[in-house]
Amino acid sequence: MPEEASRAALAQLLRWYADMGVDLAVDDAPHDRFAESQNLERAPAVQPTPRRAAPIPTRTPASAPPPSPLAGIAEAAKARTLEELQAELLAFEGCGLKATATQLVFADGNPQADIMFVGEAPGADEDRIGRPFVGRAGQLLDKMLAAIGLDRTQVYIANVVPWRPPGNRTPTPLETGACLPFTRRQIELVAPKILICLGAPSMQTLLGIKEGIMRSRGRWMAYDRAGTTIPAMAMLHPAYLLRQPSHKKFAWQDLRELAKKMREI
Ligand code: URA
């Protein structure tokens, strides 16, 4: 293949990887997994006992089986404060997203707030800066808050997964489920009086709603915050509103509902 053509083919392949969500390398050298699995098949069924115990790996290797979905429950329950919960999450190896994210994106805003917003997952800006909702969607969220007289000093903001999914894809139910004990504990420790789920993954994960967000948004539902029932509502995600500005009218209706509830509590 002439050099120019091979360069174009490589660029096309990289673009395809990026479109599929493969947008960063997780290791220095490529691995031939086909050769590795053939070697495994050829390996003797009974392995000789190693003379010394292997060191315990500090990170889950890419080939390890997925951790049990129950993995985080005990760790999350141990946390008595938000700082302890953040430390537990930093040590948690039960969600594969950690391996490809730059850093943990834990929360922003006021931990004493009466209103807690829970979004979907950090994007590229949040992954770089380490705070939720700092990109374009976050700027729109700030404007939405300002429309009902709020700012980040009066609300607490987190996500259902604290690590950026590669290529900004939607987190899978396995990933949101692995992080759920931590998200629920975070809500318990903040103890908001109102919970707002931004977008379908947050609504599905925290409120167990299976139907689409266009049908469920704007309705008050009940969230069980460790034995205390608090009002919860799903709203359209600001990133979606950036793509569908004609739907901002629904967000405005929902914000007015929120403002009304704030006056009641
Ligand atoms: N979208 C989210 O759901 N969360 C963020 O933190 C940023 C964008």
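Residues numbered from 1 in each chain as written. Predicted model: local features only at pLDDT ≥ 70, side-chain atom pairs only at ≥ 80, totals over all residues. Heavy atoms only, no water.

(A) Broad picture of the sheet that holds strand 5 (residues 221-225). Strand order in the open sheet formed by six strands is 1-3-2-4-6-5, with mixed pairing between adjacent strands. In the strand order of this sheet, the two ends are held by strand 1 (108-109) and strand 5, each with one partner. The sheet contact formed by strand 5 and strand 6 (residues 228-235) spans five bridges and is antiparallel. The residue of strand 6 that forms the bridge with Tyr223 is Ile230. The strands touched by helix 7 (residues 173-190) are strand 2 (115-119), strand 3 (155-159), strand 4 (194-198) and strand 5; relative to strand 5, the strand with the most contacts, the crossing angle is about 85°. (Pairing = 2+ DSSP bridges. Helix = DSSP H or I, 4+ residues; strand = E, 2+ residues; numbered from the N terminus. Contact = heavy atoms within 4.5 Å. Axes fitted to C-alpha atoms, helices over the stretch in contact; angles between N-to-C directions.)

(B) Spotlight on the site of the ligand. Taken together, Gly119, Glu120, Ala121, Pro122, Glu126, Pro132, Phe133, Asn159 and His237 make up the full set of residues adjacent to the ligand. For the ligand, a nitrogen atom lies 3.0 Å from a polar atom in the backbone of Ala121. Bound to the protein, the ligand loses 91% of the 230 Å² it would expose on its own. Its residues placed into classes, the shell around the ligand shows four nonpolar, three polar and two charged. (Near = heavy atom within 4 Å. Polar contact = N/O pair within 3.5 Å; in protein donor to acceptor, adjacent residues only side chain to side chain. Areas by Shrake-Rupley, 256 points an atom, 1.4 Å probe, with all protein chains shown as cover. Nonpolar A, V, L, I, M, F, W, Y, C, P; charged D, E, K, R; others polar.)

(C) Structural view of the pattern of salt bridges. Applying the stated rule across the entire model yields 14 salt bridges. Arg215 is the salt-bridge partner of Glu211, the closest N and O atoms lying 3.5 Å from each other. Across the pair Arg217 and Asp254 runs a salt bridge whose closest N-O atoms are separated by 2.9 Å. Residue Arg217 is located in the loop between helix 9 (213-216) and strand 5, and its partner Asp254 is located in helix 11 (residues 248-264); the two are separated by 37 residues in the primary sequence. A relative accessible area of 13% means that Arg217 is categorised as buried. Each member of the salt-bridge network shares a partner with another, and the members are Asp108, Arg131, Asp142 and Arg152. (Salt bridge = Lys/Arg side-chain N within 4 Å of Asp/Glu carboxyl O. Buried < 20%, exposed > 50% of the residue type's maximum accessible area, 1.4 Å probe, protein only.)

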